[in-house]
Amino acid sequence: MTLLAGDGPLHVQLAIEPSCYSRLVNKWYCTDYLRDRHSDLTSALVQHLQLTAWALLLGVVIAFPLALLARRLPSLQGLILGTSTMIYTIPSLALFPFLVPFTGISMETVVIGLGLYALTILVRSMLAGLLGVPAEVRESAIGLGYGRTRLLFRIELPLALPVIMAGLRVATVSTVALTTVGTLVSYGGLGNLIRDGVQNDFKAEILAASVLCVVLAVVLDAIIVGLQWLATPWTHRRRAA
Amino acid sequence: MRNLGDAWDYLTTAANWQGDEGIWHLLVQQLLLSFTALAIAMVIGLTIALWLGHLGRAEFLTVNLTNVGRAVPTFALLAILVSLDHPGTAEFGPYGRAGLATLIALALFALPPIYTNAYVAVREVSAPIKESATGMGMTGSQRFWRVELPLALPLIVSGLRLALVQVWATATIAALVAGPGLGNLITQGFYRTDYPKGIAAAFVVAVVALILEVGSALLERAVDPNRKGTATRSGPTRRRVTSGVRA
């Protein structure tokens, strides 16, 4: 009896041709999946973006004062770069568990972990950018009566921007990729879909989430390049004229 | 806080280190995976990079390989390899469940740092040094083995170091897709809400990562030809390549 009942829907399903993501077909590339599970992908993508954005923001907010400090006090430079490199060495899957006793199974765990990785890249690039400002430029600005704050924001940061932005691009692209590991604490954005796909042998889900991840990284990278272009008009004004 | 104390208890209990699911077995397995993958990536990456670097060709590959490696999540590649019919999750000798899939992913992600550093290292040996070598009558291959390679060695080893750290991190993630290694203890700890176990395993993974990093940093210093002579940094241009990929 149950066998017959179970048989019925299956025949019906076969008659109307199963969708390419049904267990019987399980294709890697499946537009039906993209259409039907549209909302899953969107919400995972939104979470992915949130995690990435918060982590990068946290990284920038901590890295900037650290870079300034490292520049002012060269004796601290080794300590700051050494400590951040040490954190960077720890695999992401091993970093999140250390944070859990403090932050629990929450979004903060992933944001702090990823922020620490971004921090390492950002401190290095900010420091390199600031140290790369020619001494003559700095001296002329001081000679013109620039105070320390105005010197930093009007002269040094704009000149250091290309190097800092290069670091931000690296940090952004690797943060997008790393966010997937956050699925360990259930906040992995697209990584949650990838894990679900592996557990249920759901190929369309794995591929769609993976491709979306790479696309997100490329798009964010392009946005930063665009912003940098807009923020540093002096690098391309001459060619345009 | 209590979790941290319990994690310490987990680490100091001898029984947790023994057996097939014990820390020792998984640690050895993960080290084996990491060094095998590194060896594969070295053979492939160094051969191509040193050859192309010596000839000074294929600049575009150097830039793009790193960018692609960075944008593709290690977790996604692992997931795809494991879900394919081959290699899938099949047992693979001492490398355990999904061993082959993990090895392939590890080797692929070790390639960008190895390749990029080696290529740049050979490419950037300063022109006057190369010219004097040729002027002294060295052939192309003599110049490569006696001049370019020794001068490039520190940067090459620096690439290996980045790759090793990367490989170790990726090998940990393999557990997220039911692969081998110490990551299994971490994921088990989380999925079965046995956090002390997860934290204990994370501690072991982190300590080994730091040992590998420091060990390879010492190796890097040891092979630096500029350290043996004068303290001044003469010789080839020393541009540090930060082409690491994170996992």
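Every value quoted in this text rests on a predicted model; they were computed, and no experiment measured them.

Quick notes on the rules
Residues numbered from 1 in each chain as written. Chains lettered and ligands numbered in written order. Predicted model: local features only at pLDDT ≥ 70, side-chain atom pairs only at ≥ 80, totals over all residues. Heavy atoms only, no water. Axes fitted to C-alpha atoms, helices over the stretch in contact; angles between N-to-C directions. Helix = DSSP H or I, 4+ residues; strand = E, 2+ residues; numbered from the N terminus. Parallel < 35°, antiparallel > 145°, perpendicular 65-115°, else oblique. Left-handed = near helix turned anticlockwise from the far one by under 90°. Contact = heavy atoms within 4.5 Å. Nonpolar A, V, L, I, M, F, W, Y, C, P; charged D, E, K, R; others polar. pLDDT = per-residue confidence, 0-100. Core = buried A, V, L, I, M, F, W, Y, C linked by side-chain atoms within 4.5 Å. Buried < 20%, exposed > 50% of the residue type's maximum accessible area, 1.4 Å probe, protein only. Disulfide = S-S within 2.5 Å. Buried area = accessible area lost by both parts, 1.4 Å probe. Salt bridge = Lys/Arg side-chain N within 4 Å of Asp/Glu carboxyl O. Polar contact = N/O pair within 3.5 Å; in protein donor to acceptor, adjacent residues only side chain to side chain.

(A) Molecular detail of the packing of helix α10 (residues 203-231) of chain A against helix α4 (residues 74-83) of chain B. Packing of α10 of chain A against α4 of chain B leaves a shortest axis separation of 10 Å and a crossing angle of 155°. With respect to α4 of chain B, the element α10 of chain A is oriented roughly antiparallel. The crossing of α10 of chain A and α4 of chain B is left-handed. Contact residues: α10 of chain A offers K203, I206, L207 and S210 of chain A, while α4 of chain B offers A76, A79, I80 and S83 of chain B. Taken together, the residues of the contact of α10 of chain A with α4 of chain B break down into five nonpolar, two polar and one charged.

(B) Here's a closer look at the confidence of the model for chain A. For chain A, the average pLDDT comes to 89, and 91% of its residues sit at 70 or higher. Segment residues 1-8 of chain A: pLDDT under 50, and zero contacts once partners within four positions in sequence are set aside and those in other chains are kept.

(C) Expanded view of the packing of helix α3 (residues 38-72) of chain A against helix α6 (residues 107-131) of chain A. All names here are of chain A. Direction vectors running N to C along α3 and α6 enclose 40°, while the axes themselves pass 6 Å from each other. As summarised for this structure, α3 and α6 are arranged oblique, according to the angle between their axes. Handedness of the α3/α6 crossing: right-handed. Looking at the contact of α3 with α6 residue by residue, the class counts come to 26 nonpolar, three polar and one charged.

(D) Structural context of the nonpolar core. Counting 123 residues, the largest nonpolar core has Y33 of chain A together with L50, I114, I156, W168, L182 and I186 of chain B as its most contacted members. It is helix α5 (residues 99-123) of chain B that contributes the most residues to this core, 15 residues altogether. With residues up to four places along the chain from it excluded, the contact list for L50 of chain B reads A118, V122, F144, L149 and I156 of chain B. In this structure, L216, A217 and L220 of chain A together with A71 of chain B belong to the second largest nonpolar core, which totals six residues.

(E) Quick look at the state of the cysteines. All names here are of chain A. A full pass over the atoms with the stated rule returns one disulfide over all chains. C20 shares a disulfide with C30; S-S distance 2.1 Å. Of note, the bridge from C20 to C30 carries an S-S torsion of about 80° and is right-handed in sense. Here the residue C20 occupies a position in the loop between α1 (2-15) and α2 (31-36), and C30 occupies one in the loop between α1 and α2, the gap between them amounting to 10 residues.

(F) Highlighting the interface of chain A and chain B. Tallying the contact residues gives 38 residues for chain A and 38 residues for chain B. In this assembly, chain A packs against chain B so that about 3,300 Å² is buried in total across both faces, 81% of it on carbon and sulfur atoms. In this structure, the connection of chain A to chain B is made through one salt bridge. D85 of chain B is the salt-bridge partner of K203 of chain A, the closest N and O atoms lying 4.0 Å from each other. Linking chain A with chain B are one residue pair in polar contact (both at pLDDT 80 or more), by the criterion used here. Elements supplying a minimum of two residues to the side of chain A that touches chain B: α4 (74-89), α5 (92-103), α8 (148-179), α9 (190-199) and α10 of chain A. Of the residues belonging to the side of chain A that touches chain B, the class tally is 28 nonpolar, eight polar and two charged.

(G) Structural view of the environment of V125 of chain B. All names here are of chain B. Within the element layout of this structure, V125 appears in the loop between α5 and α6 (127-135). Exposure remark for V125: the relative accessible area of 2% places this residue in the buried category. Counting along the chain gives 114 residues from V125 to L11, while the straight-line C-alpha distance between them is 48 Å.

(H) Summary view of the pattern of salt bridges. Using the criterion set out here, one finds 10 salt bridges over all chains in the structure. Close ionic contact of R71 of chain A with E156 of chain A constitutes a salt bridge, the shortest N to O distance being 2.9 Å. One end of the pair, R71 of chain A, is in helix α3; the other, E156 of chain A, is in helix α8, with 85 residues separating them in the sequence. For R71 of chain A, a relative accessible area of 23% corresponds to the partly exposed category. Among the ionic pairs, E220 of chain B bridges to R161 of chain B, the shortest N-O distance being 2.5 Å. Taken together, the residues span a long stretch of sequence, with E220 of chain B in helix α9 (residues 195-222) and R161 of chain B in helix α7 (residues 140-173) at a distance of 59 residues. The exposure classification of E220 of chain B matches that of R161 of chain B, with both residues buried. In this structure, a network of salt bridges that share partners links the residues D32, R35 and D36 of chain A.

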